[in-house]
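# Observations on chain architecture
Here's the letter readout for the chains.
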Amino acid sequence: TLRNTQAIDQATPLPVITASGLSADYLMDAFLAGASGVGVGSVVRKADDRAQAVQHLLNAMPRFSELALA
């Protein structure tokens, strides 16, 4: 997923959104690969505690946490 994100980002000036089983461990890697956004629906949908899952994802991206909660 991350290699594909990087290749697509390099091939187009359009914003790239990446998804496909991304967990909190790889969110920053997705942005570093050129993603403008990430899809994390399955992580939240499969969680026993969805609010806690969202908080965990936000904690994995400290630079973006304040913006996401605004």
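Residues numbered from 1 in each chain as written. Predicted model: local features only at pLDDT ≥ 70, side-chain atom pairs only at ≥ 80, totals over all residues. Heavy atoms only, no water.

Turning next to the overall build of the protein chain. Broken down by element type, the protein chain carries five helices and two strands. The order of helices and strands in the protein chain, counted from the N terminus, is α-β-α-β-α-α-α. Counting over 70 residues, the protein chain shows a buried share of 26%. Residue pairs at least 24 apart in sequence account for 34% of intrachain contacts in the protein chain once pairs closer than 6 positions are excluded. As displayed, the protein chain has an accessible area near 5000 Å², and 54% of this comes from carbon and sulfur atoms. (Helix = DSSP H or I, 4+ residues; strand = E, 2+ residues; numbered from the N terminus. Buried < 20%, exposed > 50% of the residue type's maximum accessible area, 1.4 Å probe, protein only. Contact = heavy atoms within 4.5 Å. Areas by Shrake-Rupley, 256 points an atom, 1.4 Å probe, with all protein chains shown as cover.)

As for its position among the elements, T18 is in strand β1 (residues 17-18). Taking the relative accessible area as the measure of exposure, T18 reaches 5% and is therefore buried. At a separation of 2.7 Å, a polar atom in the side chain of T18 contacts the side chain of T5. With near-sequence residues (within four places) excluded, T18 lies in contact with T1, T5, A30, A35, G37, V38 and G39. (Polar contact = N/O pair within 3.5 Å; in protein donor to acceptor, adjacent residues only side chain to side chain.)

If you look at the biggest cluster of nonpolar residues, it comprises nine residues: L22, A24, L27, A30, F31, A35, V40, L57 and M61. By residue number, the principal contributor to this core is helix α2 (residues 27-32), which donates three residues. (Core = buried A, V, L, I, M, F, W, Y, C linked by side-chain atoms within 4.5 Å.)

The next subject is the confidence of the model for the protein chain. Overall, the prediction assigns the protein chain a mean pLDDT of 85, with 87% of residues at 70 or greater. At the low end of the mean pLDDT range in the protein chain sits helix α5 (residues 62-69), at 55; at the high end sits helix α1 (residues 2-11), at 95. (pLDDT = per-residue confidence, 0-100.)

Following the sequence through the fold, A30 ends up in helix α2. With sequence-adjacent residues up to four places away left out, A30 is seen in contact with L2, T5, T18, L22, A35 and V38.

What follows concerns the side chain of T5. By the secondary structure assignment, T5 is in helix α1. Look past the residues within four positions of T5 in its chain and what remains in contact with it is V16, T18, A30, A33, G34 and A35.

A few words on the environment of L32. When you line up the elements, L32 lands in helix α2. Along the backbone, L32 and T5 are 27 residues apart, and their C-alpha atoms lie at a distance of 9.7 Å.

Those residues of helix α4 (residues 50-59) lying buried are A53, L57 and L58. For α4, the buried positions fall inside an angular range of 135 degrees around the axis, keeping them on one side. Away from its buried face by more than 90 degrees, α4 exposes A51 and Q52. Capping of α4 at its N-terminal end is provided by D49; its side-chain oxygen lies 3.2 Å from the backbone amide nitrogen of A51. (Arc of directions from axis to C-beta.)

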